[in-house]
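Reading the structure
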Amino acid sequence: MKSPFVRGLLDGVPIALGYLSVSFGFGILAVRSGLTALTSVIISAVNLTSAGQAAGIAIIAAGGSYIEMALTQLVINLRYGLMSISLSQKLDDTFNTPRRLLVAYGITDEIFAVASAQKGLLTSRYMYGLISISMAGWCAGTLLGASAGQLLPASLTDAMGIVLYAMFIAIVIPPAKKSRGVLAVAVSAAICSMIFKYLLPQVTGGFAIIFSAVIAAVTGALVFPVADEESTEVVSQ
Amino acid sequence: MSLVIYIAVMAGVTYLIRMIPFAAFRRQIKSRFFRSFLYYVPYAVLTAMTIPAIFYSTGSMATAAFGTAVAVVLAYFDMPLIAVALAASAAAFAAGLAIPFFS
C-alpha cells in the first residue's frame, strides 16, 4: 500500500510532463518580454498558473498599472475560486486551516481535474504529492524555456511562442462543439478582443481581456444559463 | 513601476482567489446567473487572451496562422492538450522553414 504522498506524486506525473512543455513556452515568452530567467522562474513558482502569468508578463512589459495587474489576475483566475469551492467540500477531517492555506496555493485546472476525479475524500498528504511534482515540472519547464533563448536557434524559440495559446485553443474547442453557450461565449470574447485590439487600442491589454471576458460571460449567462448539474462540473478541463 | 511589486500583486491576488473560498466556503452558490457566469468565465478569458494574440506569438503572422490552423483542427478532434500544443508549435516551426522556399 503506497503512502498518500507517493500516490499523489505518481498521479501528478502526467501533469508535470504537460506543464514542462507548456511552461517552456512561458519561459520563452517571459524572456522575450525582457525578464531574466530567474525572474521568470520566481513568477512561475509563486503563481502556478498559465493564463494569468502570460497576461501578467504582458502587463509588466507594457508598463501597466498595479490596479490593471490586480484586476486582470482577478478575472483570469476567477475560475480557481470556483474550483476551490468545489474541492473544499471534498476534504477529509485532517484538513485543518493551516493545511487548507497551504493546499490552496496549488489549485490549478489540471490539479483540480485529477483531485476531483479521486474516489472519496482528499487527504492533505495526497494533495502535497500532487502539487509538489506538478510545481516542479512547471518551474523546471520555465527555467528551460527561459534559458533556451540563448541555446536554441531563433526559428525554434519563435515557434515555441505559440505553445500556450495552442493549449488554450485545445481547452476551449471541445466543449464549444458540444455546448452552444460555450461556442457563443468564445465567439463573443474573440470579437470583443479584436475590437479592442484594432479599434480601441487605447484600452491596454489587461483591461481588454477583462472587458472582453466579462461581456462574453455575462452574455452567455443571460442567453444560455446552464443547468445546475453542468455548472458543478464546470472546470474539469 | 517596480518588478517586485508587480510580482507581489500578481501572486497575492492569485493566491487569495484560491485561498478564500478554499478556507471558508462550505456551501454551493445558489444564483443560477452567477453559476452560469462562473461556468463561462474560463472559456471567455482563454479566448480573449488567445485572439488575436496568437497571431503575434511567433514573430511571423504566416507561421502563427499555420500553427493556429493545426491547433484548431487537432482540438476539434479532441486530441490531448499537450499534443495540440506541441503540434501547433511544430507546425509553426515547419512553416518557418518552408516559407523561404516560396517567397
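Here is what the cut-offs are and how they apply
The numbers attached to residues start from 1 for each chain and follow its sequence in the written order. A letter from A marks each chain and a number from 1 marks each ligand, given out in the order of writing. Only residues with pLDDT of at least 70 get local features here, since the model is predicted, and only at 80 or more are side-chain atom pairs given and counted; chain-wide, interface and lining totals rely on the full set of residues. In computing side-chain values, all of the structure's heavy atoms are included and hydrogens and water are not. Only runs of H or I of at least four residues qualify as helices and only runs of E of at least two qualify as strands under DSSP, and these elements are numbered from the N terminus. Note that the radius of gyration is over C-alpha atoms, with the globule rule given as 2.2 Å times the number of residues to the power 0.38. Accessibility here uses a 1.4 Å probe with only protein chains present; expressed as a share of the type maximum, an area under 20% marks a residue as buried, one over 50% as exposed, and anything in between as partly exposed. Contact definition: two residues touch when any of their heavy atoms are within 4.5 Å. For the accessible areas, the method is Shrake-Rupley and the probe is 1.4 Å, while residue cover comes only from the protein chains on display. Start and end points for every domain follow an automatic or database-based domain assignment. Each of two parts loses accessible area, computed with a 1.4 Å probe, when they are put together; buried area is these two losses added. A pairing counts as a salt bridge when a side-chain nitrogen of Lys or Arg comes within 4 Å of a carboxyl oxygen of Asp or Glu. Here a polar contact is recorded for every N or O atom pair within 3.5 Å, except that within protein the pair must consist of a potential hydrogen donor and a potential acceptor, and residues adjacent in sequence are included only if both atoms are side-chain atoms. Axis angles are defined between N-to-C directions and span 0 to 180 degrees, where every axis is a line fitted to C-alpha atoms and, for a helix, only to the segment in contact. With respect to orientation, any angle under 35 degrees is reported as roughly parallel, any angle over 145 as roughly antiparallel, any angle of 65 to 115 as roughly perpendicular, and every other angle as oblique. We call a crossing left-handed when the near helix sits turned anticlockwise from the far one by less than a right angle, and right-handed when that turn is clockwise. When residue character is reported, Ala, Val, Leu, Ile, Met, Phe, Trp, Tyr, Cys and Pro are called nonpolar, Asp, Glu, Lys and Arg charged, and the others, Gly included, polar.

Here's the deal with the overall build of chain B
- Across its full length, chain B holds 4 helices and 0 strands.
- If you list the helices and strands of chain B from N to C, you get α-α-α-α.
- Its C-alpha atoms give chain B a radius of gyration of 19 Å, more than 25% over the compact-globule value 13 Å for 103 residues.
- Taken along the three principal axes of its C-alpha coordinates, chain B extends 60 × 40 × 20 Å.
- When each of the 103 residues of chain B is scored for burial, the buried share is 45%.
- Within chain B, residue pairs in contact and separated by at least 24 positions form 33% of the contacts whose partners lie at least 6 positions apart.
- As displayed, chain B has an accessible area near 5000 Å², and 77% of this comes from carbon and sulfur atoms.

Examining the domain arrangement of chain A
Residue and element names in this part refer to chain A.
- As far as domains go, chain A holds domain 1 (4-159) and domain 2 (179-230).
- Each of domain 1 and domain 2 has a C-alpha centre, and these two points are 24 Å apart.
- With 7 residues of domain 1 at the contact, the number on the domain 2 side is 7 residues.
- Three residues stand out in domain 1 for area buried against domain 2, namely Glu68, Thr72 and Val75, and they jointly supply 69% of the buried area on that side.
- Connecting domain 1 to domain 2 are 0 salt bridges.
- Counting across the interface, domain 1 meets domain 2 through 0 residue pairs in polar contact (both at pLDDT 80 or more).
- Going through the elements one at a time, α3 (50-62) and α4 (66-88) are the ones with two or more residues in the side of domain 1 that touches domain 2.

Remarks on the packing of α4 of chain A against helix α6 (residues 109-116) of chain A
All names here are of chain A.
- Where α4 meets α6, the closest approach of the two axes is 11 Å, and the angle between their N-to-C directions is 20°. The pairing of α4 with α6 is recorded here as roughly parallel in orientation. Crossing hand, α4 versus α6: left-handed. Residues Arg79, Tyr80, Met83, Ser86 and Leu87 of α4 form the contact with α6, whose participating residues are Asp109, Phe112, Ala115 and Ser116.
- Of the residues contributing to the contact of α4 with α6, the split by class is 5 nonpolar, 2 polar and 2 charged.

What about the interface of chain B and chain A?
- Contact residues are listed per partner, giving 65 residues for chain B and 101 residues for chain A.
- Interface of chain B and chain A: buried area, both sides summed, is about 7500 Å²; carbon and sulfur atoms make up 75% of it.
- The interface formed by chain B and chain A contains 1 salt bridge.
- Taken together, the links from chain B to chain A amount to 21 residue pairs in polar contact (both at pLDDT 80 or more).
- Considering each element in turn, the side of chain B that touches chain A owes the most residues, 18 residues, to helix α2 (residues 32-50) of chain B.
- Of the residues contributing to the side of chain B that touches chain A, the split by class is 48 nonpolar, 11 polar and 6 charged.

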